[in-house]
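These are the residues of each chain, in order.
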Amino acid sequence: MKILIVYDSYFGNTKEIAYLIASELQEDNELKIVKADDVKKEDIDNIELLVVGSPTRAFKPSTKIAQFMKRIEFGSLKGVKVAVFDTRISKEDTKVKILKVMIKIFGYAANPMAKLLARKGGEVVVEPMGFYVAGTEGPIKDGEKERVVQWIGEIE
Ligand SMILES: Cc1cc2nc3c(=O)[nH]c(=O)nc-3n(C[C@H](O)[C@H](O)[C@H](O)COP(=O)(O)O)c2cc1C
């Protein structure tokens, strides 16, 4: 299978998860992993699986991930399997009360990413997923890397 993994990361957490996914999928597949602002148009040509990972920023994907997704033409992901994830802080770890309420209302990055890539023609093959970091700069919380491996194993 030809796979492209696209990620963005400010502090390294989303990148670490993207590379963990790459190591899980590498065997028997032709895989490329690229940072969102380095993706070339030809990187998307003929791919069979697109994995996109973004830090959640103000309840949304990062600017670079948003720009990457915007550049993809409508319909061009037809026949392409899609898996998206974000990194995020759990409501329980958020100390500011108003933020907890806002998270409840506005959510995280993964769902809107999946919706947009589906509109571009992609087939979302696993539940859009969030992986938890302990604070703004991380680290990735205990047990999350195991969840990553389990999640990526669900791709058909
Ligand atoms: C400006 C800014 C906005 C953020 N907004 C959110 C948010 O809305 N929801 C959330 O769960 N985490 C939010 N975070 C925390 C990020 O999700 C966290 O920094 C990110 O997952 C770390 O991934 P990275 O190391 O790949 O950058 C925000 C962080 C920053 C710096």
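It should be emphasised that the depicted structure is a prediction, and the values quoted were computed from it without experimental measurement. For every chain, the first residue of the written sequence is number 1, and numbering continues from 1 onward in sequence order. Confidence filtering applies because this is a predicted model: local features only for residues at pLDDT of at least 70, side-chain atom pairs given and counted only at 80 or more, and all residues used for totals across whole chains, interfaces and linings.

## What to know about the site of the ligand
Point 1. Looking at the ligand, there are 19 residues lining it, with Ser9, Phe11, Asn13, Thr14 and Thr87 nearest.
Point 2. Numbered from the N terminus, helices here are DSSP runs of H or I no shorter than four residues, and strands are runs of E no shorter than two. Within the residue set of the shell around the ligand, elements represented by two or more residues are helix H1 (13-25), strand E3 (49-57) and strand E5 (81-88).
Point 3. In this classification, Asp, Glu, Lys and Arg are treated as charged, Ala, Val, Leu, Ile, Met, Phe, Trp, Tyr, Cys and Pro as nonpolar, and every other residue, Gly included, as polar. The residue makeup of the shell around the ligand, split by class, is eight nonpolar, eight polar and three charged. As used in this record, a residue near a molecule or strand is one whose C-beta atom, placed from the backbone, is within 6 Å of it.

## With respect to H1
Point 1. Here H1 is 13 residues long and its end C-alpha atoms lie 19 Å apart, about the 18 Å a rise of 1.5 Å per residue gives.
Point 2. Within H1, the full set of buried residues consists of Asn13, Thr14, Glu16, Ile17, Ala18, Ile21 and Leu25. Here a helix's expected span is defined as the number of its residues, less one, multiplied by 1.5 Å. Exposure criterion: with C-beta atoms placed from backbone coordinates, a residue whose C-beta has 20 or more other C-beta atoms within 10 Å is buried, one with 12 or fewer is exposed, and one in between is partly exposed.

## Let's talk about the pairing of strand E2 (residues 30-35)
Point 1. Strands are treated as partners if at least two bridges between them are detected by DSSP. Pairing analysis gives six bridges linking strand E1 (residues 2-7) to E2, with the strands arranged parallel. Note on E2: the bridge partner recorded for isoleucine 3 is leucine 31.

## Points about the nonpolar core
Note on soluble globular proteins: their nonpolar side chains tend to be buried together.
Point 1. The term nonpolar core refers to a group of buried residues, namely Ala, Val, Leu, Ile, Met, Phe, Trp, Tyr and Cys, whose C-beta atoms join them within 7 Å. One finds Leu50, Val52, Val84, Ala110, Met113 and Leu117 to be the most contacted residues of the largest nonpolar core, which totals 38 residues.
Point 2. Elements represented by at least two residues in this core include exactly E1, H1, E3, helix H3 (63-71), E5, helix H5 (110-119), strand E7 (129-132) and helix H6 (144-153).
Point 3. Other than its neighbours up to four places away in sequence, valine 52 contacts Val6, Ile65, Val84, Met113 and Leu117. We call two residues in contact whenever the C-beta atoms placed from their backbones are within 7 Å.

## As for the pairing of E1
Point 1. Considered for its hand, the β-α-β crossover made up of E1, H1 and E2 is right-handed.
Point 2. Across five bridges, E1 lies against E3 in parallel orientation. Within E3, the position partnered with tyrosine 7 by the bridge is glycine 53. Here a crossover is taken to be right-handed if, once the strands point away from the viewer, the path from the first strand over the helix to the second is traced clockwise.

## Some thoughts on H6
Point 1. Buried residues of H6: Glu144, Val148 and Ile152, and no others. For H6, the angular spread of the buried residues around the axis is 75°, confining them to a single face. The exposed residues of H6 that point more than 90 degrees off its buried face are Glu146, Gln150 and Gly153. Here, the arc refers to the directions that run from the helix axis to the C-beta atoms.

## Quick look at the environment of lysine 40
Point 1. Along the chain, lysine 40 turns up in the loop between E2 and helix H2 (41-44).
Point 2. Looking at lysine 40, the number of C-beta atoms within 10 Å reads 8, which means it is exposed.
Point 3. The spacing of lysine 40 and phenylalanine 68 is 28 residues in sequence and 9.8 Å in space, taken between C-alpha atoms.

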